[in-house]
Amino acid sequence: MKIAGTGSALPKKVVTNDMLSEFLDTSDEWIRARTGVVSRYVISDEKLEDLAIEAAKKALDNAGMTASQLDFIICSNVVNEYVTPQLSCIIQGGIGATCPCIDINCACAGFIYAVEIAESFYKAGRVKNVLVVSAEEPTRMTDWTDRRTCVLFGDGAGAAVLTPGDNIKSIKLSASSATDKLWQYRLLHPTPYITKEEVDVPLQMKGQDVFKFAVKAAGKDISRILKDMGINADEVDHYLLHQANIRIIHAIRDYLEQPQEKFPTNIENHGNSSSSCCPILLDECNRKGLFKSGDLIAMSAFGAGFVSGAILFEW
Ligand code: ACO
């Protein structure tokens, strides 16, 4: 397939590090130095589905297509207010599409997993045009009294329209179960048969373990897509990495021995918006005219699970 159009949408509320230090024992200096985040967009009175629909409409517009041309919609999402129906079905109605749709939850690697599913359906001859939307509100998962987690995240939605082509050169996915490193429990409704004690636990993270996993997984995934195509890291024009921590991005850059200008970032004013990071960054770079036709782009993401993945595609 090829990426024919991109779109993104953000909440209107911008929360700076200084605003966080008004109610948390933290500082702009600490957050900036340890994570690279300066401000983030945070859901207030918006609904996540409205951001997802806006991002999807912009991607369709950018691709010069209408919703009726879509054969499939894949939405990557960790949480939203609905347990059911699935977010992709809400997006389908919001953009006026009639095709089947599915949600996936692959944490921060969701966009890459979704593109792999789209590409596989395409190769099986089942679809031509697929809309992939990542819509995330991780600020609704964290404990806002926990300075170790809540300062990291922001919300938003990113989308891409995939159409027939041979621009996707390689995709590699991986998973290794580690449920004690990055997790959250949601309290389900009680029944007369539930006797064990249940608790509602906001996002918990062993930050340094996640950091180490991220650097190792991204290095391995990117090496695998390069090897698949028989190219080296120098031949890639742009590296779009999951925007979890600027120090993770720098460590991956050092591993690949590539110059900083190949690594566009938006973590400074977005924070980590989970699986939305990659498509939002893709859309921002696209709209800034950063990519030339024929440029090779490597995208890599990792997240809770652990899961990770990388894509190599030609613009
Ligand atoms: N402000 C001030 N101090 C802080 C803050 C804060 N916001 N957060 C932590 N600290 C303190 C800690 O309490 C600790 O103090 P102590 O030594 O007195 O106990 C000290 O800073 C160092 O804490 P560490 O956790 O060791 O700091 P570290 O350098 O590892 O940075 C961070 C923490 C930023 C979380 C880092 O480990 C990281 O980025 N990890 C990866 C996170 C990530 O990628 N998450 C992906 C989530 S994606 C998903 O799937 C939802």
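Here is what the cut-offs are and how they apply
- Residues numbered from 1 in each chain as written.
- Predicted model: local features only at pLDDT ≥ 70, side-chain atom pairs only at ≥ 80, totals over all residues.
- Heavy atoms only, no water.
- 1 Å grid on protein atoms, 1.4 Å probe; cavity = no way out; pocket = protein on both sides within 12 Å on 5 of 7 lines; lining within 4 Å.
- Points joined across faces, edges and corners; volume = space filled by probe spheres on them.
- Helix = DSSP H or I, 4+ residues; strand = E, 2+ residues; numbered from the N terminus.
- Nonpolar A, V, L, I, M, F, W, Y, C, P; charged D, E, K, R; others polar.
- Domains from an automatic or database assignment.
- Salt bridge = Lys/Arg side-chain N within 4 Å of Asp/Glu carboxyl O.
- Buried < 20%, exposed > 50% of the residue type's maximum accessible area, 1.4 Å probe, protein only.
- Core = buried A, V, L, I, M, F, W, Y, C linked by side-chain atoms within 4.5 Å.

Peer 1: What is the right way to look at the layout of surface pockets in this model?
Peer 2: With a probe scaled to a water molecule rolled over the atoms, the places where space remains empty come into view. Approximately 1400 Å³ is the volume attributed to the largest pocket. Along its surface, the largest pocket is lined by 50 residues, and Thr149, Phe153, Leu182, Leu203 and Met205 are the ones closest to its centre. Listing elements by their share of the lining of the largest pocket, those giving two or more residues are α2 (28–35), β9 (182–185), β10 (201–205), α6 (207–229), α7 (246–256) and β12 (296–303). Here the lining of the largest pocket is built from residues that sort into 25 nonpolar, 15 polar and 10 charged. Both domain 1 (2–165) and domain 2 (170–314) contribute no fewer than three residues apiece to the lining of the largest pocket. Looking at the second largest pocket, its volume works out to about 180 Å³. Elements represented by at least two residues in the lining of the second largest pocket include exactly β8 (168–175), α6 and β13 (307–314). For the lining of the second largest pocket, the element with the most residues is α6, which contributes six residues. Partitioned by chemical class, the residues of the lining of the second largest pocket number five nonpolar, three polar and four charged.

Peer 1: Whenever I open this one, the pattern of salt bridges confuses me. Can you help?
Peer 2: Pairing between side chains of opposite charge can happen when their charged atoms approach one another. Inspection of every chain in the model, using the stated rule, returns 16 salt bridges. Note that Lys181 and Asp209 form a salt bridge whose closest N and O atoms lie 3.1 Å from each other. Here Lys181, found in the loop between β8 and β9, pairs with Asp209, found in helix α6; they are 28 residues apart in sequence, far enough to count as distant. You can call Asp209 partly exposed: its relative accessible area is 26%. What you see here is one network of salt bridges that share partners, running through Lys12, Asp45 and Glu46.

Peer 1: I tried to follow the nonpolar core on my own but got confused; where do I start?
Peer 2: Proteins that are soluble and globular tend to have nonpolar side chains buried together. Ile222 and Tyr239 are the most contacted members of the largest nonpolar core, which has 42 residues in total. Of all the secondary-structure elements, those providing two or more residues to this core are α6, β11 (238–241), α7, β12 and β13. Both of domain 1 (2–165) and domain 2 (170–314) provide at least three residues apiece to this core. Within the second largest apolar cluster, 32 residues are counted, among which are Ile104, Val130, Leu240 and Leu282.

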